[in-house]
Amino acid sequence: MTNKVLISVAPVSAADKHIDPKKIAKDVIECAKAGAAMVHLHVREKDGSLTPDLTVLKETVELIRAESDIIIQASTGGISNLTIEERCAPLYYDKVEACSLNVGSTNLGNAVYCNPIPEVKYCIEEIIKTGKTPEIEVFEIGHTHQTTELCKEYNMKMPLLFSVVLGHPGEAPGTPEALMAMVNFIPKDAIWGITHAHRKDFGIIAGALGLGAKTVRIGFEDSDYLDPETRVDTNVPLVEKVVKLLHAMDKEAMTPDEARKMLNM
């Protein structure tokens, strides 16, 4: 699968205050048909607030699963007052196959996304216990180094999957120089991909693919821009544009089962 890339769609903006499971599921199903192999979902109430209550998540996932075998990935993060135990709630839902893992605290604009190391370790222990596949979101080089240190203590599922996250105010910027620096710290035997927050074009995504990214995250959680002049009202055009970019680079989008094989699910 050297020419295959996993497209992950994160379909819901953090600013969305009207969470509609039917609307989200319909969008995700169409994204899967367009080439997405994984969906990244937060556990939210219908007003958009983060919660340990899985009711809305389960409704959304059941609707998706009725028509698609796309990989279900749940977030264990997001800025909130939830405890780490509450943030880990989706790990115990059997239809969740993968999860995000944050290994350090992060500046996100005026907010601080707190991930103290004891809480990181608790999350890792629960991920291992429940058998989920973690995607390690790294916002700076220190997070990547911290992951290598944690691997000395924990028997993490291999291969490791990193998402290089660029573009948040206060963290690594969405520039070619930052991309190169971050990629140079990824362990050579790991799989890595790109998430570009506040993106208005696809230049950094193209650069990451040129450097060997095996995953691309796209979607309203990060940006709804199709190009610098165009914003879209569903996630499908974003997935379609990534597919076109892959084809232009002699690459193809992975199917969900190909992605499961790559990630040793």
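Before reading on, note that the structure itself is shown above.
Notes on the structure in this doc start here. Keep in mind the model is a prediction, meaning the values are calculated, not measured.

## Quick look at the side chain of H42
Examined against the element boundaries, H42 turns out to sit in the loop between strand 2 (38-41) and helix 2 (55-65). You can call H42 buried: its relative accessible area is 15%. A distance of 3.4 Å separates polar atoms of two side chains, one belonging to H42 and the other to H40. Contacts of H42, omitting those with residues within four sequence positions, involve L50, L57, S75, G77, G78 and E221.

## What to know about helix 6 (residues 176-184)
Those residues of helix 6 lying buried are A178, L179, M182 and V183. Each buried residue of helix 6 lies within a common arc of 125° when the element is viewed along its axis, so the set occupies one face. Exposed residues lying more than 90 degrees from the buried face of helix 6 are P176, E177 and N184.

## Overview of the pattern of salt bridges
What the rule picks out here adds up to 13 salt bridges. Two residues, K4 and E258, come together in a salt bridge whose shortest N-O distance is 2.7 Å. In this pair, K4 is assigned in strand 1 (residues 4-9) and E258 in helix 9 (residues 256-262), connecting sequence segments 254 residues apart. Where salt bridges share partners, they join R65, E97, D257 and R260 into one cluster.

## Quick look at the packing of aromatic side chains
The way to describe two aromatic rings as a pair is by their centre distance and the angle between their planes. A complete count under the given rule lists zero aromatic pairs for this structure. Its guanidinium or amino end placed over the ring of Y93, K58 lies 5.2 Å from that ring's centre, counting from NZ or CZ. We note R199 situated over the ring of F202; from NZ or CZ to the ring centre the distance is 4.3 Å.

## Looking at the environment of K129
Position of K129 among the secondary structure elements: in helix 4 (residues 117-130). Residues K129 and D227 lie 98 residues apart in sequence; the distance between their C-alpha atoms is 42 Å.

## What about the nonpolar core?
The tendency in soluble globular proteins is for nonpolar side chains to be buried side by side. Core analysis: the largest hydrophobic core is formed by 71 residues, its most contacted members being L166, W192 and I194. Here this core takes seven residues from helix 8 (residues 236-248), the largest share from any one element. Contact partners of I194, with chain neighbours within four places excluded, come to S163, V164, L166, L179, I204, I205, A208, T215, V216 and R217. If you look at the next biggest cluster of nonpolar residues, it comprises 11 residues, including L6, A37, M38 and I71.

## Considering the packing of helix 4 against helix 5 (residues 141-153)
Between helix 4 and helix 5, whose axes approach to 12 Å, the crossing angle comes to 55°. Relative to helix 5, the element helix 4 is oriented oblique. The handedness of the crossing between helix 4 and helix 5 comes out as right-handed. Across from I117, V120, K121 and I124 in helix 4, the residues of helix 5 making contact are Q146, L150 and E153. Here the residues of the contact of helix 4 with helix 5 sort into four nonpolar, one polar and two charged.

## Notes on the state of the cysteines
According to the stated counting rule, one finds zero disulfides in the structure shown. In this structure C88 is not part of a disulfide, and its nearest cysteine sulfur, from C123, lies 3.8 Å away.

## Considerations on helix 8
Side chains of residues three or four places apart in an α-helix project in the same direction, reflecting 3.6 residues per turn. Compared with an ideal rise of 1.5 Å per residue, which puts 13 residues at 18 Å, helix 8 spans 19 Å between its outermost C-alpha atoms and is within 8% of the ideal. Along its buried surface, helix 8 packs onto strand 1, helix 1 (21-34), helix 7 (203-211), strand 10 (215-218), strand 11 (225-227) and strand 13 (252-253). Following helix 8 by one or two positions, D250 adopts a phi angle in the positive range, close to 60°.

Rules and cut-offs
- Along each chain, residues carry numbers from 1 onward, in the same order as the chain's sequence is written.
- Given that this is a predicted model, residues contribute local features only at a pLDDT of at least 70 and side-chain atom pairs are listed and counted only at 80 or more, while totals for whole chains, interfaces and linings are drawn from all residues.
- Side-chain numbers come from the whole structure's heavy atoms, not from hydrogens or water.
- Secondary structure elements follow DSSP: runs of H or I no shorter than four residues count as helices, runs of E no shorter than two count as strands, and numbering proceeds from the N terminus.
- Three exposure classes are used, based on accessible area relative to the maximum for each residue type with a 1.4 Å probe and protein chains only: buried under 20%, partly exposed in between, and exposed over 50%.
- Any pair of nitrogen or oxygen atoms within 3.5 Å is treated as a polar contact; in protein, a donor-acceptor pairing is required on top of that, and neighbouring residues in sequence qualify only through side-chain atoms on both sides.
- Contacts: residue pairs with any heavy atoms within 4.5 Å of one another.
- Each C-beta atom gives one direction from the helix axis, and the arc is the one those directions make.
- The term salt bridge refers to a side-chain nitrogen of Lys or Arg lying within 4 Å of a carboxyl oxygen of Asp or Glu.
- Aromatic rings from Phe, Tyr and Trp, with only the six-membered ring used for Trp, were paired whenever their centres fell within 6.5 Å, and each pair was classed as stacked if the ring planes differed by under 30 degrees, edge-to-face if by over 60, and tilted otherwise.
- Lysine NZ or arginine CZ positioned within 6 Å of the ring centre and within 35 degrees of the ring normal marks a charge as sitting over the ring.
- Only buried residues count toward a nonpolar core, which is a set of Ala, Val, Leu, Ile, Met, Phe, Trp, Tyr and Cys residues joined through side-chain atoms within 4.5 Å.
- To obtain each axis, a line is fitted to C-alpha atoms, and for helices this fit is confined to the stretch in contact; angles are then taken between N-to-C directions over 0 to 180 degrees.
- Roughly parallel here means an angle under 35 degrees, roughly antiparallel means over 145, roughly perpendicular means 65 to 115, and every remaining angle is called oblique.
- Working rule for handedness: look at the near helix, and if it is turned counterclockwise from the far one by less than a right angle, call the crossing left-handed; if clockwise, right-handed.
- Classification convention: Asp, Glu, Lys, Arg as charged; Ala, Val, Leu, Ile, Met, Phe, Trp, Tyr, Cys, Pro as nonpolar; all other residues, Gly among them, as polar.
- Here, the term disulfide refers to a pair of cysteine sulfur atoms separated by no more than 2.5 Å.
- A helix's residues, less one, multiplied by 1.5 Å, set its expected span.

These results come straight from atomic positions and should not be treated as a statement about function.
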